[in-house]
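# What the coordinates show
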Amino acid sequence: MDSNLFSRRRAERFAQLLDEANGGRRHHVRSRADDQLTALVAVGRRLAVAPPAVEVDPEFRTGLRAMLLATAEREGIGAPAAPAEPSSRRSADAGRSRLLPAVTARRARARGAILVGVAAGAVALSGISAASENAVPGDALYGMKRSTERAQLALASSDVSRGQLFLDFARTRLAEAAALRGDEDGFSAVLDDMDADTRQGVRLLTTAAAQRSDPAALDAINSFLTGQRRAVGGLLDDAGRADRERTRRSLALLDAARKRSDALRAAIACGLPAPAGSDALGPAPASCPGER
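The structure reproduced in this document is the subject of the present report. Owing to the predicted nature of the structure, the values given are computational and were not obtained by experimental measurement. (Residues numbered from 1 in each chain as written. Predicted model: local features only at pLDDT ≥ 70, side-chain atom pairs only at ≥ 80, totals over all residues. Heavy atoms only, no water.)

### With respect to the overall build of the protein chain
The helix and strand inventory of the protein chain stands at 11 helices and two strands. From first element to last, N terminus to C terminus, the protein chain shows the α and β order α-α-α-α-α-α-α-α-α-α-α-β-β. Out of the 292 residues in the protein chain, the part that is buried amounts to 35%. When contacts within the protein chain are restricted to residue pairs at least 6 apart in sequence, long-range pairs at least 24 apart make up 66% of them. Accessible area for the protein chain stands at about 16,900 Å²; split by element, carbon and sulfur atoms hold 52% of it. (Helix = DSSP H or I, 4+ residues; strand = E, 2+ residues; numbered from the N terminus. Buried < 20%, exposed > 50% of the residue type's maximum accessible area, 1.4 Å probe, protein only. Contact = heavy atoms within 4.5 Å. Areas by Shrake-Rupley, 256 points an atom, 1.4 Å probe, with all protein chains shown as cover.)

### Overview of the pattern of salt bridges
Throughout the structure, instances matching the rule amount to 15 salt bridges. Between Arg173 and Glu149 there is a salt bridge; the shortest N-O distance is 2.9 Å. Residue Arg173 is found in helix 8 (residues 159-179), and its partner Glu149 is found in helix 7 (residues 142-155); the two are separated by 24 residues along the sequence. With a shortest N-O distance of 2.9 Å, Asp192 and Arg246 are connected by a salt bridge. Residue Asp192 is found in helix 9 (residues 184-212), and its partner Arg246 is found in helix 11 (residues 241-269); the two are separated by 54 residues along the sequence. Looking at Asp192, the relative accessible area reads 40%, which means it is partly exposed. Residue classification places Arg246 among the buried residues on the basis of a relative accessible area of 4%. (Salt bridge = Lys/Arg side-chain N within 4 Å of Asp/Glu carboxyl O.)

### Focus: the packing of helix 8 against helix 9
Orientation of helix 8 relative to helix 9, taken along the N-to-C sense of each, is 160 degrees, at an axis distance of 8 Å. When the axes of helix 8 and helix 9 are compared, the pair comes out roughly antiparallel. In this structure, helix 8 crosses over helix 9, and the sense of that crossing is left-handed. (Axes fitted to C-alpha atoms, helices over the stretch in contact; angles between N-to-C directions. Parallel < 35°, antiparallel > 145°, perpendicular 65-115°, else oblique. Left-handed = near helix turned anticlockwise from the far one by under 90°.)

### Notes on the packing of aromatic side chains
Counted according to the given criterion, the structure contains one aromatic pair. Ring plane angle 80 degrees and centroid distance 6.3 Å describe the contact between Phe166 and Phe169, whose orientation is recorded as edge-to-face. Taken together, the residues span about one helical turn, with Phe166 and Phe169 both in helix 8 at a distance of three residues. (Phe/Tyr/Trp six-rings, centres within 6.5 Å; stacked < 30°, edge-to-face > 60°.)

### Side note on helix 7
Relative to the 20 Å expected for 14 residues at 1.5 Å per residue, helix 7 spans 20 Å between its end C-alpha atoms, a close match to the ideal helical length. What helix 7 keeps buried is the set Tyr142, Met144, Lys145, Ser147, Thr148, Glu149, Ala151, Leu153 and Ala154. (Expected span 1.5 Å × (residues − 1).)

### Describing the state of the cysteines
Any covalent bond linking the sulfur atoms of two cysteines counts as a disulfide. Here the structure, examined in full by the defined rule, presents one disulfide. Residue Cys270 pairs covalently with Cys288 via a disulfide, S to S 2.0 Å. Since a negative S-S torsion denotes a left-handed disulfide, the Cys270-Cys288 link at about -85 degrees is left-handed. With Cys270 in the loop between helix 11 and strand 1 (278-279) and Cys288 in the segment after strand 2 (282-283), this residue pair connects regions lying 18 residues apart in the sequence. For Cys288, a relative accessible area of 7% gives the class buried. (Disulfide = S-S within 2.5 Å.)

Right under this line is the structure:
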């Protein structure tokens, strides 16, 4: 599917949901992206009730304004109306012309809705991210922090972008785990979430690499694994027995992800077709001819 078309439809649907949440007319439709977009709508509603005491960076405001103006120009919002058709042609197309005003109005509203959605999403993510950046499980803003992450995933335009986001979230969970050392239950729960984010990110990126026969997505995995393994290993220092055992499971996952990435890179290099089998880490490639 055309990713630009899909992103546009998702933006239009987000604007509809945001309008409905603010008391607007219900559209009585549903899309496959609704479950993801609902999280972003919730962030917008919570911002309206209790906006974070965070100043938006002037550079962000300038960039957002430029983005909205560019979108308005591309979508034709504010452009002068097209010249009227000659009377002879209007007579020939009388039936069709009666429909044009309604269609044009709907398209104009949809285009305006896209701008509203983009602006609301950008401002919401900026403010919430700044306010909840250092929140950990148990903090008042932690729920908003996780909602912001889900919103970022909903706005991502490709599986590669989503895969990279999941790896970023795994880094964030690692920082939270470091802050929760000594809290056995909290520490273990955050590492569970970290491992889940790692699997999702690796699976999306290895799948993209296999489908495209292009190892570029694997570079993001290897870069993540190099720093992440070193940082996770640091959790073993002065850790209790339970925390050390739990940390070793996360290290084993990172080692398995590195083996999968390296095996897939080798398979792409020797021209093997995309693997048919897959698991939690994505495609499971066969060995190249001549390898043991």
